[in-house]
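The lines below spell out each chain.
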Amino acid sequence: MIFKAIFSTAWESINQNFYTRLAQTVEPIDGVITFYAEILSSGILKSLDQKGNNVTETDALIALLKNPNENQNFQQFIKEWLYYHYSHGWNYIVPKSTSVGFEKRLDGSTKTSLYNCDPDLIQWNSESTFWNFFTNKKEISFNYEPYQFSGIKYTDVIPFIDVRQNSTKPYIGVSRLLSLEKHIQNYSLALQGDENLIKRSGSILVSLDNAKNDDLGLDSTVFTGQYNSDGEPISTTHKDLLENQLRETGIGTNSMGVMFSMLPLKSMPLSSGLENIKFNEKLVEYARPIYNKYNVPKEFQNLDKETAKFANRQMALIEAIQNTIEPLANSFCDKISNYFNWENKITIDFSHLPVFSDNEQTKTTTQQAVYNLYFQMFTDGQITQQELTKILKDNGIIM
């Protein structure tokens, strides 16, 4: 079903019930989203009050995010959130309270839970034109069977958009996968071709070789050892005689069995010609645009035979966190905070990750070496105090 959908001519028209399963089916897409989801889920939730004091331990919204619902903790919840967000280009978080209408109340006797909704499984009750959406003339709502939600209003969800809104349905976004249609189709075909090559590698096709006409003598006349009613000898061909003798042994019948051919036979493997197509190289070629679309650093694409140096991978990971993960985390926290009108500043912190610790240690060591070198040059009179000060400022050693 997914393979047929990959070659559909109407990707955008089915993006409410297709992209999650597509992402799970195509390895480069699943790999990209899982790569980012693992990093995002490693962050630590923190809360600062308006004076900048750390109030993480007493913040009710932090407590909710750490245990958003009865089935998930924060790490599981944020991974699922990112999967829907990056596969569809949009997703919703649905707050539900034990008392209807008290979803934004995080204290007292009521309890609020948060749920991700897979856009593949959302069933719209009504849709709206672009104009009506912003004038609220028509209510937009949906049902979500996995949690038995019905009549969920768009105004009651926490919506997220990845790159841009859908021009005709502004309450959803446009998936990045839409622009990768041909690359995903080609990747799927190359994968299918590689599979066919393996399946056919042990199979051989046998056929008549019409290009040759060797005389094997099977049509020459031979005496059968029998006579007809007139006493004349009965003759046949070598071919017919051999076939009759084989049938008498029970090997064949008149309708099926062993046949003798006047022409030579030729054989060829069913994989003939396919082995010349380098499917593995094609897979790499078609996977690269998928990685690039999601800004995965080349050091983590694992498409080249050469392994990236450890230092390069560290710098690439820092780049991925700063350019992709932190903006995603900020968007997540800001939307959640805005929904609950939260006064405290909610963040997801990644400074504890080893890559930052190693990078900071390397930076400190480098700065110390620079300071020792140029201070010695100043002591020896090779540079002036002004030059020393400028060098130290340029390297971030002094302000």
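This text follows the structure it describes.
Along each chain, numbering runs from 1 in the same order as the chain's sequence is written. Per-residue local features of the predicted model are confined to residues with pLDDT of at least 70, and side-chain atom pairs are confined, for both listing and counting, to 80 or more; whole-chain, interface and lining totals are unaffected and use all residues. Computation of side-chain values covers all heavy atoms of the structure but excludes hydrogens and water.

Caption draft 1: Up close: the packing of aromatic side chains. Between the rings of Phe, Tyr and Trp (Trp by its six-membered ring), a pair exists once the centres lie within 6.5 Å; its type follows the angle of the planes, with under 30 degrees stacked, over 60 edge-to-face, and the other angles tilted. The tally for this structure, following the rule as stated, stands at 22 aromatic pairs. Ring geometry for Y147 versus F149: centroids 5.5 Å apart, planes at 35°, classification tilted. Residue F149 is classed as buried on the basis of its relative accessible area, which comes to 10%. On the numbers, 6.2 Å between centres and 45° between planes, the contact of F375 with F378 is tilted. Taken together, the positions of F375 and F378, both in helix 11 (residues 354-379) and 3 residues apart, correspond to about one turn of that helix. When a residue's accessible area, from a 1.4 Å probe over protein chains only, is under 20% of the maximum for its type it is buried; when over 50% it is exposed; and in between it is partly exposed. Overall, F375 belongs to the partly exposed group, its relative accessible area being 37%. Taking relative accessible area as the criterion, F378 reaches 27% and is therefore assigned partly exposed. Sitting above the plane of the F149 ring, K96 keeps its charged end 5.0 Å from the centroid. Positioned over the ring face of Y339 is K104, at 4.8 Å from the centre of the ring. A run of H or I in DSSP counts as a helix once it spans at least four residues, and a run of E counts as a strand once it spans at least two, with each numbered from the N terminus. In this analysis the charged atom, NZ for Lys or CZ for Arg, is taken to sit over a ring once it is within 6 Å of the ring centre and within 35 degrees of the ring normal.

Caption draft 2: Molecular detail of helix 5 (residues 74-88). Here helix 5 spans 21 Å end to end across 15 residues, near enough to the 21 Å set by a 1.5 Å rise per residue. Extensive coverage of helix 5 is indicated by the burial of 12 of its 15 residues. Listed as buried for helix 5 are F74, F77, I78, E80, W81, L82, Y83, Y84, H85, Y86, S87 and H88. The definition of a polar contact used here is a pair of N or O atoms within 3.5 Å, where within protein one atom must be able to donate a hydrogen and the other to accept one, and adjacent residues in sequence count solely through side-chain atom pairs. In this structure N73 caps helix 5, since a side-chain oxygen of it lies 3.2 Å from the backbone nitrogen of Q75. The first or second residue beyond helix 5 is G89, which carries a positive phi of 85°. Every helix has an expected span of 1.5 Å times one less than the residues it contains.

Caption draft 3: Local environment of the environment of L392. With respect to the secondary-structure elements, L392 resides in helix 12 (residues 385-394). Counting along the chain gives 17 residues from L392 to F375, while the straight-line C-alpha distance between them is 9.5 Å. It only takes one pair of heavy atoms within 4.5 Å for two residues to be counted as in contact. Residue contacts for L392: discarding those within four places in its chain leaves Y371, I397 and I398.

Caption draft 4: Inspection of the sheet that holds strand 3 (residues 112-117) at higher detail. Whether two strands pair comes down to DSSP finding at least two bridges between them. Read from one edge of the open sheet, 3 strands run 3-2-7, paired in antiparallel fashion. Edge positions in the sheet fall to strand 3 and strand 7 (158-161), since each has one partner strand and no second. Across the sheet, the mean angle from the axis of one strand to that of its neighbour is 20°, orientation sign disregarded. Relative to strand 3, strand 2 (residues 90-97) is paired through 6 bridges, and the arrangement is antiparallel. In the sheet register, S97 faces strand 3, and the bridge partner there is T112. Contacting strand 2, strand 3 and strand 7, helix 5 crosses the sheet at an angle of about 140° to strand 2. Convention adopted: a line fitted to C-alpha atoms gives each axis, helices being fitted over their contacting stretch, and angles between N-to-C directions are expressed from 0 to 180 degrees.

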